[in-house]
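Structure assessment
So you can see what is in the structure, the chains are spelled out below.
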Amino acid sequence: MIATLDISVERVAQSRLPETDFNNLGFGKYFSDHMLVIDYVDGAWQEPKIMPYGPLSFNPSLIALHYGQAIFEGMKAYRTATGEVQIFRPWENAKRLNRSAVRMCMPEIPEELFMQGLTTLLQIDDAWVPTQDGSTLYIRPYMFGTDEILGVRPSDTYKFIIFTSPVGSYYTAPVKVKIETHFTRAVEGGIGSAKAAGNYAASLYPFKLAKEEGYDQIIWTDGKEHKHIEESGTMNLMFAIGNKIITATLGDSVLDGITRKSVLQLAREWGYEVEERKVSVLEIVEALEAGKLTEAFGVGTAATIAPIAAIGYAGKNYEVPTFREDGFALRVKKYLIDLCKGTETDTFDWIFQVPKA
Ligand code: COI
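Below or above, wherever it landed, is the structure these notes cover.

So, how was this worked out
- Residues numbered from 1 in each chain as written.
- Predicted model: local features only at pLDDT ≥ 70, side-chain atom pairs only at ≥ 80, totals over all residues.
- Heavy atoms only, no water.
- Helix = DSSP H or I, 4+ residues; strand = E, 2+ residues; numbered from the N terminus.
- Rg over C-alpha atoms; globule rule 2.2 N^0.38 Å.
- Buried < 20%, exposed > 50% of the residue type's maximum accessible area, 1.4 Å probe, protein only.
- Contact = heavy atoms within 4.5 Å.
- Areas by Shrake-Rupley, 256 points an atom, 1.4 Å probe, with all protein chains shown as cover.
- Near = heavy atom within 4 Å.
- Polar contact = N/O pair within 3.5 Å; in protein donor to acceptor, adjacent residues only side chain to side chain.
- Nonpolar A, V, L, I, M, F, W, Y, C, P; charged D, E, K, R; others polar.
- Domains from an automatic or database assignment.
- Expected span 1.5 Å × (residues − 1).
- Core = buried A, V, L, I, M, F, W, Y, C linked by side-chain atoms within 4.5 Å.
- Salt bridge = Lys/Arg side-chain N within 4 Å of Asp/Glu carboxyl O.

Moving on to the overall build of the protein chain. From N to C terminus, the protein chain includes seven helices and 20 strands. Computed over the C-alpha atoms, the radius of gyration of the protein chain is 21 Å, within 12% of the 21 Å expected from 2.2 N^0.38 for a compact globule of 357 residues. Counting only C-alpha atoms, the protein chain reaches 60 × 55 × 35 Å along its principal axes. Across the 357 residues in the protein chain, those meeting the buried criterion constitute 52%. The contacts of the protein chain with a sequence gap of at least 6 include a subset with a gap of at least 24, amounting to 71%. For the protein chain, the accessible area works out to roughly 16,100 Å², and carbon and sulfur atoms hold 51% of it.

All residues adjacent to the ligand are F72, G74, Y138, R140, Y170, K195, Y200, T234, T301 and A302. With respect to the ligand, the backbone of T301 contributes an N or O atom lying 3.4 Å from an oxygen atom. Note that an oxygen atom of the ligand is positioned 2.8 Å from one of the backbone N or O atoms of A302. When grouped by side-chain class, the residues that make up the shell around the ligand number five nonpolar, three polar and two charged. Structurally, the shell around the ligand is a two-domain feature, drawing no fewer than three residues from each of domain 1 (8-167) and domain 2 (175-339).

Moving on: helix α3 (residues 111-124). Taking 1.5 Å per residue as the helical rise, α3 with its 14 residues ought to reach 20 Å, and the 20 Å between its terminal C-alpha atoms agrees with that figure. Within the sequence span of α3, burial applies to L113, F114, M115, Q116, G117, L118, T119, T120, L121, L122 and I124.

What follows covers the nonpolar core. Nonpolar side chains in soluble globular proteins tend to be buried together. Counting residues in hydrophobic clusters, the biggest one holds 39 residues, and the most contacted among them are W45, I87, F114, L118, L122 and F160. When residues of this core are traced back to their parent elements, those giving at least two are β2 (34-41), β6 (75-79), β7 (85-88), α2 (90-103), α3, β8 (136-145) and β9 (158-167). When residues in this core are grouped by element, the largest group, seven residues, is from α3. Those residues in contact with L122, other than ones at most four positions away along the chain, are A77, V85, I87, L137, I139, T164 and V354. V279, V281, I284 and A296 belong to the second-largest nonpolar core, a separate cluster that totals 25 residues.

Our next topic: the pattern of salt bridges. A complete count under the given rule lists 24 salt bridges for this structure. Here E212 makes a salt bridge to K208, at a shortest N to O gap of 3.7 Å. Of this pair, E212 and K208 both sit in helix α4 (residues 197-212), four residues apart, roughly one helical turn. Residue R277 pairs with E275 through a salt bridge whose shortest N-O separation is 2.7 Å. Taking the relative accessible area as the measure of exposure, R277 reaches 25% and is therefore partly exposed. A single salt-bridge network, built from bridges that share partners, covers K244, E275, R277 and E283.

This is how it looks when you write it as structure tokens:
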């Protein structure tokens with residue numbers, strides 16, 4: 001890490017902690033007291049500021065609002081039994097944010113700046129990291145163009161912000177997913193591998209329709225033929241068939257998930273056969289019909305390891321066993337939580353422990 005940066009800090013006059021029900025957090029219902037803000041002006045990142053979480057003011061012509069030049073990340077901070085705060089692979093989020101930035105014609109942010117801003121914010125809002133089992137502090141870094149313009153061109157100025165939110169589970173029960181064969185999330189050459197705000201906006205309408213049919217999420221298929229499985233709305237997807245863990249290969253249209261790659265690494269370490277390749281819808285449906293698909297689950301920061309209870313395709317609904325005692329999903333979920341909570345040894349150097357202030 002570089003020498004400690006100057007980060008100006010303005011603290012809240014009154015914390016909102018007393019109004020926060022840590023036993024009933026939901027997801028994204030509460031926001032912590034402070035946020036980190038770093039402006040990009042004249043071709044350089046300016047001095048980071050930590051200030052009370054609250055409204056920002058802009059003119060209506062702000063580029064991010066009408067042309068969508070905006071990207072984001074998601075991480076979680078865990079409280080260990082000894083009171084430390086730990087984050088899973090935050091360097092990977094900094095790197096992915098920068099890959100998204102390149103694709104969206106935005107400036108990259110130095111990893112040290114990202115890490116030091118994050119560290120100071122978490123030191124200041126330490127008390128917001130939940131102690132309750134199953135609860136974490138969700139961390140949302142994001143960047144958006146702030147030029148006030150009408151012509152379509154990249155912004156010259158940007159804001160990088162990190163705010164945080166104490167959360168419970170994103171999915172409170174095994175999810176029912178529908179294989180989407182009409183709408184498309186991303187295509188080759190598009191922005192699907194970037195964590196761009198617009199990818200999530202584009203998913204809202206198909207997601208609304210799927211919800212009306214009784215599903216919790218969509219399984220996106222390739223944009224050309226809708227024959228291959230890509231990812232779900234908030235997570236990458238994995239399937240277990242016998243000793244094989246199968247997932248869609250990365251490309252322009254699939255998000256390079258940090259949980260995804262960690263889970264695949266663990267599967268290989270534990271002796272599973274891992275197949276990263278094109279996964280056809282028909283293959284999954286046939287495995288479901290033959291009772292060979294033993295597990296299906298989503299993997300992501302917000303979702304963690306989310307078992308899939310049912311898959312809908314072509315008007316049929318297939319049930320999937322969830323969290324089998326002898327299964328991979330339950331084992332990997334427990335391992336990752338134990339690692340983040342400090343009860344499993346960090347053999348891969350995946351954990352960042354926030355130093356005490
Ligand atoms: C995450 O898993 O952290 C994400 O960014 C997905 C989000 C849409 C909830």
